[in-house]
Amino acid sequence: MSIYGWKSFDEEEDRPEKPRSYGVTEMRGPHYSFFTQNALQDIFEYKGEFVDGLKFCGGSHSMMTKGFIKQITEMAHKHNVYVSTGDWAEHLLRQGPSAYKTYVQDCKELGFDTIELNVDSLQVPEEALLRFVRLIKGSGLKAKPQFTVKFNKADLPIAGDRAFGAYVFPVPRTSEIVEDADWLIRRAERCLEAGADMIMIDADDVCKYADSLRADIVAKIVSRLGLEKTMFEASNPKISEWFVKRYGPRVNLFVDHSQVMDLECLRGSSLGKNHKSPLGSSYFLF
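Computed from a prediction, not measured in an experiment: that's the story for all the values here.

**Q** Before we go on, may I ask you to explain the overall build of the protein chain in this structure?
**A** Assigned secondary structure in the protein chain consists of ten helices and eight strands. Counting over 286 residues, the protein chain shows a buried share of 50%. Entry remark: accessible area of the protein chain is about 14,200 Å², with carbon and sulfur atoms responsible for 51%.

Below you can see the structure in the form of structure tokens.
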């Protein structure tokens, strides 16, 4: 860690060295752009101490050869980075019950450490979801169910300044499902009881408007599930900053590879929680 003069880890800090069970940074891997092995190698070389996990998003691993996937997982493991499948299991259920068991075994052989279960996309009964969790755990892999927090956008307050008493046009109700946070938490708790290692929360809509609405949902999730058992998807640096300011460096976050260094700066107590990089993540490499 000597090349990062502004950051050091010791036992008294809130975020220890890898492997970490809290303060985890999971990085988005191949999805909207294609990562070459050299690009990933550069990221691991420069940012590897701050990357705990690599996630294949959008089923991208289904379009790669097994040999290429194996090379990526082995490279990640050399840098003490675990590898997650992302959500893809829902497409396998169309092939029958045995297809998922085969998928889990294939993931293990390819070097994946974690299998993610997108609960909303799977659309299976709760008992079936718990069976999937137990199947993954029985295969020696980690299970991470993903839940999405939804609410009706008509509940959002009107943005912008307006004169006192001015008429506000009513916002029509949308057809979106209003998520019952307690129901989501109960299902997540059952997954943890069945052996799930962590719960991924896609709370993007909630966090976009968190300063004015529904920060209470995030607080309730953290209170019930525990900060160390919950990971939040942060789709942009502003959301990452929101989480670190409110929950400290121990919060687990899933971010884009371009946000890793700035997130680490936010976590670093020596830089202060309001730090922002003027030159981007490359500014901190050397």
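**Q** Help me out: how do you make sense of the pattern of salt bridges in this one?
**A** Two side chains that carry opposite charge are able to pair once their charged atoms sit near each other. This model, assessed by the stated rule, comprises 13 salt bridges. Here the salt bridges share partners, and the residues they tie into one network are Asp 182, Glu 189, Lys 220 and Arg 224.

**Q** Any chance you could explain the nonpolar core here in plain terms?
**A** A general trend in soluble globular proteins is that nonpolar side chains are found buried together. Residues Tyr 100, Ile 201, Ile 221 and Phe 232 are the most contacted members of the largest nonpolar core, which totals 65 residues. Look past the residues within four positions of Ile 221 in its chain and what remains in contact with it is Val 149, Leu 184, Ile 185, Ile 201, Gly 226, Thr 230 and Phe 232. Within the second largest apolar cluster, six residues are counted, among which are Cys 57, Met 200, Met 231 and Phe 254.

**Q** Would you mind going over the pairing of strand β6 (residues 199-202) with me for this structure?
**A** Strand residues, when the strand is regular, have side chains that alternate between the two faces of the sheet. Alternating residues of β6 divide into Ile 199 and Ile 201 and Met 200 and Asp 202, and every residue in both groups is buried. Strand direction decides the pairing type here: β6 and strand β7 (residues 230-233), joined by three bridges, are parallel. By the bridge assignment for β7, Ile 199 is matched with Thr 230.

**Q** Is there a simple way to think about the packing of helix α6 (residues 181-193) against helix α8 (residues 215-225) in this case?
**A** Each packed pair of helices is defined by two parameters, the angle between the axes and the distance between the axes. α8 packs onto α6 with a crossing angle of 30° between their chain directions and a minimal axis gap of 10 Å. Taken together, the axes of α6 and α8 lie roughly parallel to each other. Where α6 crosses over α8, the two elements pack in a sense that is right-handed. Residues Ala 181, Asp 182, Leu 184, Ile 185, Arg 186, Ala 188, Glu 189 and Leu 192 of α6 lie in contact with α8, whose contacting residues are Ile 217, Lys 220, Ile 221, Arg 224 and Leu 225.

**Q** How should I be thinking about the environment of Cys 191 in this particular structure?
**A** For Cys 191, the location among the structural elements is in helix α6. C-alpha of Cys 191 to C-alpha of Ala 143: the two residues are 48 residues apart in sequence and 9.0 Å apart in space. Setting aside its immediate chain neighbours within four residues, Cys 191 contacts Leu 129, Leu 130, Val 133, Pro 145, Phe 147, Ala 196 and Ile 199.

**Q** Mind showing me how you'd approach the side chain of Lys 18 here?
**A** Relative to the elements of secondary structure, Lys 18 occurs in the segment before β1 (25-28). Of the buried charged residues, Lys 18 lacks a salt bridge, with Glu 49 as the closest side chain of opposite charge at 5.7 Å. A polar atom in the side chain of Lys 18 sits 2.7 Å from the backbone oxygen of His 79. At a separation of 3.3 Å, a polar atom in the side chain of Lys 18 contacts the main-chain carbonyl oxygen of Asn 80.

**Q** How should the packing of aromatic side chains be read in this particular structure?
**A** Centre-to-centre distance and the angle between the planes together describe a pair of aromatic rings. Summed over all chains, the structure comprises seven aromatic pairs. Aromatic pair Phe 56 and Phe 112: ring centres 5.5 Å apart, planes at 75°, arrangement edge-to-face. Of this pair, Phe 56 sits in the loop between β2 (53-55) and α2 (66-78) while Phe 112 sits in the loop between α3 (97-110) and β4 (114-118); the two residues are 56 residues apart in sequence, bridging distant segments of the chain. Taken together, a centroid distance of 4.5 Å and an interplanar angle of 25° make the contact between Phe 232 and Phe 243 stacked. Taken together, the residues Phe 232 in strand β7 and Phe 243 in helix α9 (residues 237-247) connect sequence positions eleven residues apart. For the pair shown, Phe 232 and Phe 243 are each scored as buried. Among the aromatic residues, those joined into a ring-pair cluster are Phe 232, Trp 242, Phe 243 and Tyr 247.

How each quantity is defined
- Residues numbered from 1 in each chain as written.
- Predicted model: local features only at pLDDT ≥ 70, side-chain atom pairs only at ≥ 80, totals over all residues.
- Heavy atoms only, no water.
- Helix = DSSP H or I, 4+ residues; strand = E, 2+ residues; numbered from the N terminus.
- Buried < 20%, exposed > 50% of the residue type's maximum accessible area, 1.4 Å probe, protein only.
- Areas by Shrake-Rupley, 256 points an atom, 1.4 Å probe, with all protein chains shown as cover.
- Salt bridge = Lys/Arg side-chain N within 4 Å of Asp/Glu carboxyl O.
- Core = buried A, V, L, I, M, F, W, Y, C linked by side-chain atoms within 4.5 Å.
- Contact = heavy atoms within 4.5 Å.
- Pairing = 2+ DSSP bridges.
- Axes fitted to C-alpha atoms, helices over the stretch in contact; angles between N-to-C directions.
- Parallel < 35°, antiparallel > 145°, perpendicular 65-115°, else oblique.
- Left-handed = near helix turned anticlockwise from the far one by under 90°.
- Lys, Arg positive; Asp, Glu negative; His and termini not counted.
- Polar contact = N/O pair within 3.5 Å; in protein donor to acceptor, adjacent residues only side chain to side chain.
- Phe/Tyr/Trp six-rings, centres within 6.5 Å; stacked < 30°, edge-to-face > 60°.

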